[in-house]
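Each chain, written out:
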Amino acid sequence: MNRYFDDFDMSMLVPVDSSAVEDALNNPDRTVSELLLLYFVCLSRDPDGVGLDESTDRIAQTISDLADDGDEEAMMAMVAISALSSEHAAESDVIVGVAMLHAVASRPLLSSVVSGDLDHDTAAGALGVINVLSNELLGDVLDLDDLDDLELDDLDLSELASELGVSEFDLDFDGELNDR
């Protein structure tokens, strides 16, 4: 695990305070991914201690405005915010919210790897943090230890194929996609 964080320099971290939030909200180059992660950082901080009491609302409003303008990532981010900030969200809502969070937060990193702007080692550290956050949020509704005991033979591949919109005929005898 340490190999992912060897090059990580803690001095590069900017403390999250109201001025950091203002900078992010006023920066025209900020991404939905950055705003969404900032939202969850602010949500997890003690707002009384650092003056972030209204920051989460302002960040959510900015994302909502982008969603209203048709930004698909912002729409996905709003699903994540709605599901994950609710104290009484259904298990399915949390699972979808975590998937949306993961997709929005990971996409820019993965795109940067594909374009060659980001190396695998650097991306792995950030993706690891996103995975830890996702697993933590999923752990609130799922017993992740039970997933280790999951038997693949117990899966109904026909039902899974229909739920995914894949014809059974597109699967070979092992249940894998037929690549013909």
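Residues numbered from 1 in each chain as written. Predicted model: local features only at pLDDT ≥ 70, side-chain atom pairs only at ≥ 80, totals over all residues. Heavy atoms only, no water.

Draft legend 1. Structural context of the side chain of S55. Note on placement: S55 falls in helix 4 (residues 55-68). Not counting the four nearest positions on each side in its chain, S55 is found in contact with V21 and C42. (Helix = DSSP H or I, 4+ residues; strand = E, 2+ residues; numbered from the N terminus. Contact = heavy atoms within 4.5 Å.)

Draft legend 2. Seen up close, the nonpolar core. Judged by nonpolar contacts, the single largest core of 26 residues is most densely connected at L36, L38, I59, I63, L84 and L101. For this core, the elements supplying multiple residues, two or more each, are helix 1 (18-26), helix 2 (32-44), helix 4, helix 5 (72-84), helix 6 (91-115) and helix 7 (120-139). With seven residues, helix 2 is the single largest residue contributor to this core. Residues within four places of L84 in sequence aside, it is in contact with F40, V94, G97, V98, L101 and L137. Core analysis: the second largest hydrophobic core is formed by six residues, A105, L118, A123 and L127 among them. (Core = buried A, V, L, I, M, F, W, Y, C linked by side-chain atoms within 4.5 Å. Buried < 20%, exposed > 50% of the residue type's maximum accessible area, 1.4 Å probe, protein only.)

Draft legend 3. Region of interest: the pattern of salt bridges. In the structure shown here, the tally under the stated rule is two salt bridges. Between R58 and E22 there is a salt bridge whose closest N-O contact spans 2.2 Å. Residue R58 is located in helix 4, and its partner E22 is located in helix 1; the two are separated by 36 residues in the primary sequence. The exposure class assigned to R58 is partly exposed, which follows from its relative accessible area of 35%. Judged by its relative accessible area of 30%, E22 falls in the partly exposed class. The partner of E73 in a salt bridge is R107, with the nearest N and O atoms 3.9 Å apart. Of this pair, E73 sits in helix 5 while R107 sits in helix 6, and the two are 34 residues apart along the sequence. (Salt bridge = Lys/Arg side-chain N within 4 Å of Asp/Glu carboxyl O.)

Draft legend 4. Representation of helix 1. Residues of helix 1 that are buried: A20, V21, A24 and L25. End-on, the buried residues of helix 1 take up no more than an arc of 135°, which puts them together on one face. Among the exposed residues of helix 1, those pointing more than 90 degrees away from its buried face are D23 and N26. At its buried positions, helix 1 is contacted by helix 2 and helix 4. (Arc of directions from axis to C-beta.)

Draft legend 5. Structural detail: the environment of E54. Topologically, E54 is positioned in the loop between helix 3 (47-50) and helix 4. E54 sits in the exposed class, given a relative accessible area of 53%.

Draft legend 6. Structural context of the packing of helix 1 against helix 2. Relative orientation of the contacting elements helix 1 and helix 2 amounts to 160°, with a least axis distance of 11 Å. Between helix 1 and helix 2, the angle is such that the two are roughly antiparallel. By crossing handedness, the relation of helix 1 to helix 2 is classed as left-handed. Residue-level contacts link V21, A24 and L25 of helix 1 to L35, L38 and C42 of helix 2. Across the contact of helix 1 with helix 2, the residue classes break down as six nonpolar, no polar and no charged. (Axes fitted to C-alpha atoms, helices over the stretch in contact; angles between N-to-C directions. Parallel < 35°, antiparallel > 145°, perpendicular 65-115°, else oblique. Left-handed = near helix turned anticlockwise from the far one by under 90°. Nonpolar A, V, L, I, M, F, W, Y, C, P; charged D, E, K, R; others polar.)

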